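Below are the chains, spelled out letter by letter.
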Protein chains: 2
Amino acid sequence: MIMKHNYLNNLPLDEAKRIYKEHLASVGFGGGTETVKVTDACGRTLKNAAYAVICSPHYNASAMDGVAVRAEITFPASEKTPVTLTPDDYAVVDTGDPIPDGCDAVIMIEDLIDRGNGDYGIIASHRPWQNVRQVGEDICMGDMIAPSGTVLTPSLCGALLAGGITEIEVYKRPLAGVIPTGDEIVAPTSDPQKGDIIEFNSTVFKGMLDSFGADAKVYPITPDKKELIRAAVEKALEECDIVLVSAGSSAGRDDYTGEIISSLGTVLVHGIAIKPGKPAVLGEAKGKPVIGLPGYPVSAIVVMDEIVSEVCAAYYSKPCPKRETVKAVLAKKVVSSLKYGEYVRVSLGRINGRLIASPLARGAGVITSFTKSDGVLAVPQNSEGIEAGAQVNIRLHKPLCEIEDTLVITGSHDPLIDEVADFLAKKGAPFRVCSTHVGSMGAIYAIKGGLAHMGGIHLLDTETGEYNKSYVEKYLPDGGVTVRGVGRVQGLMVRGGNPLGIRDFSDVKNARYVNRQRGAGTRILCDYLIKKNGMKPEEINGYANEEFTHTAVAALIAAGNADAGLGIYSAAKMYGLDFIPICNETYEFLVAKNELDNPAVKAFLDVLYSDEFKKRLGEMGGYTE
Amino acid sequence: MIMKHNYLNNLPLDEAKRIYKEHLASVGFGGGTETVKVTDACGRTLKNAAYAVICSPHYNASAMDGVAVRAEITFPASEKTPVTLTPDDYAVVDTGDPIPDGCDAVIMIEDLIDRGNGDYGIIASHRPWQNVRQVGEDICMGDMIAPSGTVLTPSLCGALLAGGITEIEVYKRPLAGVIPTGDEIVAPTSDPQKGDIIEFNSTVFKGMLDSFGADAKVYPITPDKKELIRAAVEKALEECDIVLVSAGSSAGRDDYTGEIISSLGTVLVHGIAIKPGKPAVLGEAKGKPVIGLPGYPVSAIVVMDEIVSEVCAAYYSKPCPKRETVKAVLAKKVVSSLKYGEYVRVSLGRINGRLIASPLARGAGVITSFTKSDGVLAVPQNSEGIEAGAQVNIRLHKPLCEIEDTLVITGSHDPLIDEVADFLAKKGAPFRVCSTHVGSMGAIYAIKGGLAHMGGIHLLDTETGEYNKSYVEKYLPDGGVTVRGVGRVQGLMVRGGNPLGIRDFSDVKNARYVNRQRGAGTRILCDYLIKKNGMKPEEINGYANEEFTHTAVAALIAAGNADAGLGIYSAAKMYGLDFIPICNETYEFLVAKNELDNPAVKAFLDVLYSDEFKKRLGEMGGYTE
């Protein structure tokens with residue numbers, strides 16, 4: 001019997017956080033401490049202010065190699081009236097040696113004139129304490145070295161030791177128990193069975209928790225049985241400071257987290273007005289946070305980023321973690337729902353002095369958009385979206401310096417772009433490559449709009465049979481330059497063995513087709529072939545099914561979702577598909593005119609044109625001169 | 001017999017780095033790898049590009065809880081023409097379940113109208129693959145997940161696992177052996193003997209190495225015996241990838257590092273034109289870097305920051321680490337030598353929209369300046385200095401977001417400022433306090449120049465006997481507001497037991513005096529007392545010895561460097577000194593007019609005026625209402 005979903009709250013995020021943190025504070029969550037050696041305390045957080053117990057230096061120390069004297073005896077010295085020091089007048093000191101009692105100045109070796117027999121001449125007077133590091137020059141006993149809550153940097157640890165502090169009370173690193181749940185979840189493998197979902201959220205959480213100052217204990221995968229999950233939560237509550245239950249937080253058939261937390265403690269929030277991330281459960285039992293995270297990786301990551309980060313900060317008595325933000329220009333319009341605050345991941349790059357934020361794929365399961373993400377654009381709940389060209393605040397996921405040196409390549413997909421990026425990385429290039437697949441027309445718009453440095457294009461002019469030239473002349477009369485790329489073979493990819501006996505494009509009307517997105521050069525080729533063969537788009541089953549890359553098309557054919565699709569040979573080869581060549585095309589790079597001198601662009605093309613890279617293209621297959 | 005120093009090179013830093021890195025590359029330094037589980041790979045650096053071995057999803061998965069059907073049967077459905085599905089037409093699926101063969105769409109539970117007997121009505125058509133996550137929607141087999149040299153973020157680890165990769169080859173974390181050397185160096189202690197120097201450089205290095213991606217092995221302190229140090233270096237060369245010898249790198253009496261490295265391998269550079277940091281030794285033996293670091297902590301830290309960071313980056317085949325920089329306005333003139341590139345540490349704060357960089361103490365041993373440092377201003381070798389007010393590039397030591405919320409307090413020192421800062425930290429204030437001791441007149445100039453939010457002042461008008469008012473009216477007719485601070489007792493601090501029998505200020509002419517810096521309120525009091533007692537500055541032994549804080553004065557009296565100095569009761573109490581009260585003074589806070597509404601200023605004053613804080617002042621002693 002199919003059960004309907006239970007009703008979820010839709011609490012605004014700020015309210016959800018406030019309610020939750022107030023409750024956790026009221027039950028005394030957090031604040032555990034331990035005493036550690038200062039030599040091991042780097043990165044730890046001070047519980048209380050640290051005061052120096054000794055001065056540094058703690059004695060009067062020579063600042064130089066030389067001789068210690070009473071300053072008084074040097075007073076008459078000058079070039080005209082040198083003073084001679086006999087061995088009774090001085091004591092030899094090295095840098096750092098204590099100044100003998102009775103002395104209060106040091107004369108550097110370089111200022112001593114050897115008179116023989118241990119006598120030295122000096123020609124300049126020295127004032128008291130000259131060339132001496134007096135007691136307390138650096139740290140004075142009783143001075144506060146750092147206040148409560150300071151995160152100990154390497155230098156601070158040095159200062160604590162210099163101040164005579166050898167052990168210090170710091171916050172414990174809270175231990176977060178991570179319980180993956182689900183009947184279909186399996187441990188990481190290269191060979192999952194149909195229906196198996198590889199459990200990787202716990203690995204992502206472990207890394208994120210570390211950045212929040214918490215350690216992680218990952219429990220074995222627990223099947224979707226309420227009693228088993230409850231038992232796992234109870235065990236984690238005994239062993240850990242925080243409990244995270246992964247999956248099973250939506251109000252669906254197998255979703256027990258809310259009920260379990262209710263039975264063990266309190267549910268404060270179930271359902272937050274954020275997208276992705278809505279069905280999170282924020283609860284507490286035994287004075288500890290118990291949080292139900294959505295199963296979809298990106299939903300879970302948003303809840304981790306927005307809420308679990310603050311829960312960990314609360315353990316350290318900190319209000320909330322600080323996030324680096326930067327202003328950028330939005331490349332593409334973002335549409336948003338009034339029901340939710342939305343978190344749109346973006347990639348960033350600086351083109352022509354402007355920092356451009358390009359929105360990434362919005363699907364809640366798309367972890368690769370999170371791996372390409374440089375930052376997050378938070379669209380408030382009461383907004384319907386943001387227009388292209390608007391200035392936006394981006395919350396960074398990476399330091400800005402890593403983002404600044406980016407070669408932004410936006411346009412037609414070809415795996416060779418990733419390969420050039422890899423060659424560049426191996427050569428130690430000081431920039432990274434950020435490549436987005438939006439198709440050939442996407443390159444035209446991106447270059448025109450100052451949103452990319454370069455992009456791949458293979459736009460067939462069906463009248464002239466030429467590639468790219470007429471499009472660039474039409475759309476970018478002043479702004480773009482086409483540089484040589486590669487020749488590649490385009491053709492029909494079909495399942496290995498060609499079970500449907502497809503011989504040319506006209507045969508696709510007897511097959512399930514998978515298409516490329518509008519604006520893709522391959523789509524333009526498709527429409528041309530349809531026309532050329534006297535076909536109509538409506539006749540082609542699957543014409544409306546659009547994918548964004550050659551490998552995505554190949555993957556669907558290999559999986560049996562479709563029977564045929566246009567693409568490049570290297571994609572067919574990778575998936576063991578048969579390939580019916582149709583034409584040789586010219587795949588070139590469109591470069592913004594003022595980017596021709598960009599060292600990153602030059603470096604990219606240098607690799608592309610190199611003999612070493614031609615070998616790689618040969619291995620991939622389907623490329624011509 | 002006193003030996004003269006040996007001659008050191010004075011190589012510009014960039015040249016030193018270039019020569020050194022080229023040599024290390026030529027002997028094949030770095031590049032060690034190991035294979036790790038991806039579940040443990042967060043933060044590690046990829047050796048080679050990682051390609052997905054499976055698609056994700058790797059089967060067609062339901063995106064919803066609902067029923068899987070052939071899309072075709074839904075085509076006729078509309079509100080007016082509903083379609084009824086019988087149990088033969090559908091299969092119940094949960095989110096993530098595989099779509100049964102023959103099905104190619106999923107209808108959400110919410111869209112099913114229960115007709116009883118397992119029949120459901122639908123009123124909307126579904127297109128093929130609607131509500132299905134098709135094979136490869138996220139990652140396609142063969143796609144490059146990340147290129148060589150990528151540092152694995154938590155999300156990237158998730159993507160690798162989703163792509164079927166369970167183990168991955170990553171760079172080893174290089175192991176750096178740290179050998180502290182010196183006869184006077186002792187392990188951390190709260191009770192060092194005279195002449196003992198607490199060894200803390202190795203702790204600082206350990207933390208810095210960790211941030212460079214290296215592990216540290218700290219060897220026992222090795223005495224200044226050439227053969228012992230050589231043996232330690234040889235041992236470290238066997239066990240480690242990098243060897244750092246701490247102290248003994250200048251060309252002085254006990255400095256063997258250069259000779260030892262020469263005997264074991266090659267010295268590339270000995271003496272770099274940077275200040276601090278000059279006497280570093282950059283060498284190589286057995287294909288590994290062997291570096292001699294100066295003994296002075298801040299010199300060593302600069303060499304670590306400038307050179308060892310790049311050596312570690314070279315292990316990972318990376319050109320050089322990226323540093324976050326920011327533009328700021330220089331608060332105070334910086335003078336520089338033409339012989340050296342200099343590294344001036346600064347603190348940062350935003351006042352009135354401008355990011356202000358304030359240079360910190362320049363002494364090469366002053367580790368506390370490094371702990372207060374938010375960033376570094378690199379003054380090139382060919383520059384004589386930079387004027388106040390100039391725009392400068394600061395290389396950050398901390399993320400900018402930690403620096404942005406700073407309350408900048410510049411003026412007269414009082415330990416209560418640190419105490420308020422600690423109270424604020426314990427309350428979870430969202431800002432940090434950055435307090436610089438430049439004396440009362442320094443507060444006037446700082447507020448006037450827009451370089452601070454507030455500062456302590458206790459400026460005696462010797463004509464009226466009043467504090468602060470006339471100075472503020474004179475120097476800041478429009479710009480500053482004085483708010484209530486505390487009353488405090490100023491007096492003469494003398495050694496415990498008052499061995500010289502000092503009864504009032506006139507008695508200091510029989511004692512060694514220690515003064516405060518010009519511009520300090522306490523200095524102004526001193527000059528007033530001199531005049532009042534018919535004395536002259538020249539008569540006072542030590543009048544020219546200036547210290548910057550009350551505790552520094554107290555420390556010198558306690559150590560016997562001086563016999564008397566003016567200061568506040570709490571400093572005398574801390575050092576067990578006798579205290580001869582002289583007057584009650586008014587210590588107030590000068591606040592920039594437009595900062596009165598600054599929530600951080602308000603929060604500071606709220607704490608200062610609170611009953612809780614009055615208790616703390618009572619414990620410290622010497623404060624009045």
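This text follows the structure it describes.
Here the residue numbering is sequential within each chain, running from 1 through the sequence in written order. The lettering of chains begins at A and the numbering of ligands begins at 1, in the order of writing. Under the rules for a predicted model, residues below a pLDDT of 70 receive no local features and side-chain atom pairs below 80 are neither given nor counted, while totals for whole chains, interfaces and linings still include all residues. The basis for the side-chain values is all heavy atoms of the structure; hydrogens and waters are excluded.

Trainee: Residues and numbers for the overall build of chain A, please.
Mentor: For the purposes of this entry, the term helix denotes a DSSP run of H or I that reaches at least four residues, the term strand denotes a run of E that reaches at least two, and both are numbered from the N terminus. From N to C terminus, chain A includes 16 helices and 37 strands. Radius of gyration: C-alpha atoms only; globule rule: 2.2 Å multiplied by the number of residues to the exponent 0.38. The C-alpha radius of gyration of chain A comes to 34 Å, more than 25% above the 25 Å expected for a compact globule of 625 residues. Each of the three principal axes of chain A carries a C-alpha extent, and together these read 110 × 70 × 45 Å. Residue contacts are counted whenever heavy atoms from the two residues lie within 4.5 Å of one another. Of the contacts made within chain A by residues no fewer than 6 positions apart, 77% connect residues no fewer than 24 positions apart.

Trainee: Tell me about the sheet that holds strand β8 (residues 113-116) of chain B, residues and numbers included.
Mentor: Residue and element names in this part refer to chain B. Strand pairing follows a simple DSSP-based rule, namely that at least 2 bridges must link the two strands. If you trace the three strands from one edge of the open sheet to the other, you get β5-β9-β8, paired in antiparallel fashion. Each end of this open sheet is capped by a strand with a single partner; those strands are β5 (83-85) and β8. With direction set aside, neighbouring strand axes in the sheet form an average angle of 35°. Judged from the three bridges that link them, β5 and strand β9 (residues 119-122) form a sheet pairing that is antiparallel. When the sheet's bridge partners are listed, Val83 is paired in β9 with Ile122. Only C-alpha atoms enter the line fits that serve as axes; for helices the fit covers just the stretch in contact. Angles between N-to-C directions range over 0 to 180 degrees.

Trainee: Which residues make up the packing of helix α9 (residues 415-426) of chain B against helix α16 (residues 611-620) of chain B, and what are the values?
Mentor: Residue and element names in this part refer to chain B. At a minimum axis separation of 11 Å, α9 and α16 run at an interaxial angle of 140°. Our classification of the angle between α9 and α16 gives oblique. Regarding α9 and α16, the two cross each other, and that crossing is right-handed. Two secondary-structure elements touch here, α9 through Pro415, Leu416, Glu419, Val420 and Phe423 and α16 through Glu612, Phe613, Arg616, Leu617 and Met620. Reported orientations rely on four angle classes, namely roughly parallel under 35 degrees, roughly antiparallel over 145, roughly perpendicular from 65 to 115, and oblique for the rest. By definition, turning the near helix anticlockwise from the far helix through less than a right angle yields a left-handed crossing, and turning it clockwise yields a right-handed one.

Trainee: Describe the relation of the copies chain A and chain B, and please don't skip the residues or the numbers.
Mentor: Rotating chain A by 180° about the axis while translating it 0.0 Å along that axis superimposes it on chain B, leaving an RMSD of 0.1 Å. These values place the two chain copies in the arrangement generated by a two-fold rotation axis. The position closest to the rotation axis in chain A is occupied by the C-alpha of Pro399 of chain A, lying 4.1 Å away. Comparing contact sets, 100% of the residues at the interface of chain A also lie at the interface in chain B, consistent with an isologous, same-surface contact. The copies were overlaid with a least-squares fit restricted to C-alpha atoms from residues scoring a pLDDT of at least 70 in each copy.

Trainee: Quick rundown of the pairing of strand β13 (residues 175-180) of chain B? Include the residues and the values.
Mentor: A regular strand places its side chains on the two faces of the sheet in alternate fashion. All names here are of chain B. With five of six residues buried, β13 lies mostly within the body of the structure. Bridge count for β13 against strand β16 (residues 215-218) is four bridges, and the pairing is parallel. Considered in β16, the bridge of Val178 is made with Val218. Pairing analysis gives five bridges linking β13 to strand β17 (residues 242-246), with the strands arranged parallel. Residue pairing for β17: Pro180 is matched across the bridge by Ser246. Exposure classes here rest on a 1.4 Å probe applied to the protein chains alone. A residue is buried below 20% of its type maximum, exposed above 50%, and partly exposed in between.

Trainee: So what's going on with helix α5 (residues 257-264) of chain B? Residues and values would help.
Mentor: Residue and element names in this part refer to chain B. Within the sequence span of α5, burial applies to Thr257, Gly258, Ile260 and Ile261. Summarising the axial view, the buried residues of α5 lie within an arc of 165°, below the 170-degree limit, and thus occupy one face. Tucked inside the fold, the buried residues of α5 contact α4 (226-239), β17, β18 (266-270), β20 (281-285) and β21 (288-293). By definition, the arc is the one covered by directions from the helix axis to the C-beta atoms.

Trainee: Would you mind going over the packing of aromatic side chains in detail, with residue names and values included?
Mentor: Residues and elements named next belong to chain A. Ring pairs are drawn from Phe, Tyr and Trp, using the six-membered ring of Trp, whenever the two centres fall within 6.5 Å, and their geometry is named by plane angle: stacked under 30 degrees, edge-to-face over 60, tilted for the rest. The full count for this structure, using the stated rule, is 20 aromatic pairs over all chains. When the centroid spacing of 5.8 Å and the interplanar angle of 70° are considered together, the rings of Tyr90 and Tyr120 count as edge-to-face. On the criterion of sequence distance, the pair formed by Tyr90 in the loop between β5 (83-85) and β6 (91-93) and Tyr120 in strand β9 (residues 119-122) is long-range, its members being 30 residues apart. The same class applies to Tyr90 and to Tyr120, which are both buried.

Trainee: Describe in detail helix α3 (residues 201-211) of chain B, supporting the description with residues and values.
Mentor: Taking burial as the measure, the eleven residues of α3 of chain B include eight buried ones, the bulk of the element. One or two steps after α3 of chain B, the chain reaches Gly213 of chain B, where phi turns positive at roughly 85°.

Trainee: How would you explain the interface of chain A and chain B if you had to name every residue and give the values?
Mentor: Quite often, the size of an interface is put as the accessible area lost when its parts meet. The interface is formed by 114 residues belonging to chain A together with 114 residues belonging to chain B. Taking both sides of the interface into account, the surface hidden between chain A and chain B amounts to around 9200 Å²; carbon and sulfur atoms contribute 57%. Distance and chemistry together define a polar contact, namely a pair of N or O atoms within 3.5 Å, with one atom able to donate a hydrogen and the other to accept it when in protein, and with adjacent residues in sequence counting only for side-chain atoms on both sides. At the junction of chain A and chain B, the tally comes to 36 residue pairs in polar contact (both at pLDDT 80 or more). Every element with two or more residues in the side of chain A that touches chain B is listed here: β6, α2 (154-162), β15 (197-198), α3 (201-211), α7 (367-371), α8 (400-404), α9 (415-426) and α13 (550-559) of chain A. Looking at the side of chain A that touches chain B element by element, the count peaks at eight residues for α2 of chain A. Nonpolar residues are Ala, Val, Leu, Ile, Met, Phe, Trp, Tyr, Cys and Pro. Charged residues are Asp, Glu, Lys and Arg, and all others, Gly as well, are polar. Its residues assigned to classes, the side of chain A that touches chain B shows 58 nonpolar, 29 polar and 27 charged. A simple way to read buried area is as the amount of 1.4 Å-probe accessible surface that goes missing from two parts once joined, with both sides added.

Trainee: Go over the packing of α9 of chain B against helix α15 (residues 599-609) of chain B with me, naming the residues and quoting the values.
Mentor: All names here are of chain B. Following both chains from N to C, one finds α9 and α15 inclined at 105°, their axes separated by 10 Å at the closest point. In terms of orientation, α9 and α15 fall into the roughly perpendicular class. Seen from α9, the contacting residues are Leu416, Ile417, Val420, Phe423 and Leu424; seen from α15, they are Ala603, Phe604, Val607 and Leu608. A class-by-class count of the residues in the contact of α9 with α15 yields nine nonpolar, no polar and no charged.

Trainee: Can you break down the pattern of salt bridges residue by residue, with the values?
Mentor: Residues and elements named next belong to chain B. Salt-bridge detection follows one rule: a side-chain nitrogen of Lys or Arg within 4 Å of a carboxyl oxygen of Asp or Glu. Applying the stated criterion across every chain yields a total of 70 salt bridges over all chains. Where Asp507 meets Arg503, a salt bridge forms, and the shortest distance between an N and an O atom there is 3.7 Å. Judged by its relative accessible area of 64%, Arg503 is exposed. One salt bridge in this structure joins Arg512 and Asp563, with 3.1 Å as the shortest N-O distance. Taken together, the positions of Arg512 in the loop between β32 (480-494) and β33 (515-516) and Asp563 in the loop between α13 (550-559) and β35 (564-568) put the pair 51 residues apart, joining distant regions of the chain. Take Asp563: its relative accessible area is 9%, and that puts it in the buried class.

Trainee: Give a description of the nonpolar core that names residues and reports values.
Mentor: By nonpolar core is meant a set of buried Ala, Val, Leu, Ile, Met, Phe, Trp, Tyr and Cys residues that side-chain atoms within 4.5 Å join together. If you look at the biggest cluster of nonpolar residues, it comprises 63 residues, and the most contacted ones within it are Ile168 of chain A together with Leu209 of chain B. No other element matches helix α6 (residues 297-315) of chain B, which puts eleven residues into this core.

Trainee: Residues and numbers for the sheet that holds strand β8 (residues 113-116) of chain A, please.
Mentor: Residue and element names in this part refer to chain A. Taking strand neighbours across the sheet as the criterion, the three strands line up as β5-β9-β8 in an open arrangement whose pairing is antiparallel. The sheet is open, and its two borders are formed by β5 and β8, each paired with just one other strand. Between one strand and the next, the sheet's axes are offset by a mean angle of 35°, whatever the strand orientation. In this structure, β8 lies alongside β9, joined through three bridges in antiparallel fashion. Paired with Asp114 across the strands is Tyr120, a residue of β9.

Trainee: Describe the layout of surface pockets, with residues and values.
Mentor: If you roll a probe as big as a water molecule over the atoms, it shows you where there is empty space left. A pocket, in this scheme, is an open set of points on a 1 Å grid over the protein atoms alone with protein on both sides within 12 Å along at least 5 of 7 lines, while a cavity is a set where a 1.4 Å probe fits but cannot get out; residues line either one if an atom lies within 4 Å of a point. Grid points are joined across faces, edges and corners, and a volume is the space filled by probe spheres set on the points. Volume-wise, the second largest pocket comes out at about 590 Å³. Considering the residues around the second largest pocket, the lining is formed by 36 residues, among which Arg512, Gly560 and Asn561 of chain A together with Asn60 and Trp129 of chain B are closest to the centre. Split by residue class, the lining of the second largest pocket holds 21 nonpolar, nine polar and six charged.

Trainee: Any details on unusual backbone geometry? Residues and values, ideally.
Mentor: Cis rather than trans, the peptide bond between Ser56 of chain A and Pro57 of chain A has omega equal to -5°. Secondary-structure assignment places Pro57 of chain A in the loop between β2 (50-51) and β3 (61-62). The phi dihedral of Ser317 of chain B falls on the positive side, at around 60°, and the residue is not glycine. In this structure, Ser317 of chain B sits in the loop between α6 and β22 (325-330). Judged by relative accessible area, Ser317 of chain B falls into the partly exposed class, the value being 36%. A positive phi angle is found at Asn352 of chain B, which is not glycine, with a value near 55°. Relative to the elements of secondary structure, Asn352 of chain B occurs in the loop between β24 (341-351) and β25 (354-359). Among the residues examined, Asn352 of chain B registers a relative accessible area of 54% and is labelled exposed.

Trainee: Give a detailed account of the side chain of Ser347 of chain B, specifying residues and quantitative values.
Mentor: Secondary-structure assignment places Ser347 of chain B in strand β24. Ignoring anything within four residues of it in the chain, the contact list for Ser347 of chain B reads Ile356, Ala357, Ser358, Leu360, Lys372, Asp374 and Cys434 of chain B.

Trainee: Explain the environment of Gly142 of chain B to me, and be specific about the residues and the numbers.
Mentor: For Gly142 of chain B, the position within the fold is in the loop between β10 (132-133) and β11 (144-146). Classification of Gly142 of chain B as buried rests on a relative accessible area of 16%. On a C-alpha basis, the gap between Gly142 of chain B and Cys320 of chain B in space is 31 Å, while along the polypeptide they are 178 residues apart. If we ignore the near neighbours within four places in the chain, the residues touching Gly142 of chain B are Met574 of chain A together with Tyr51 and Ala52 of chain B.

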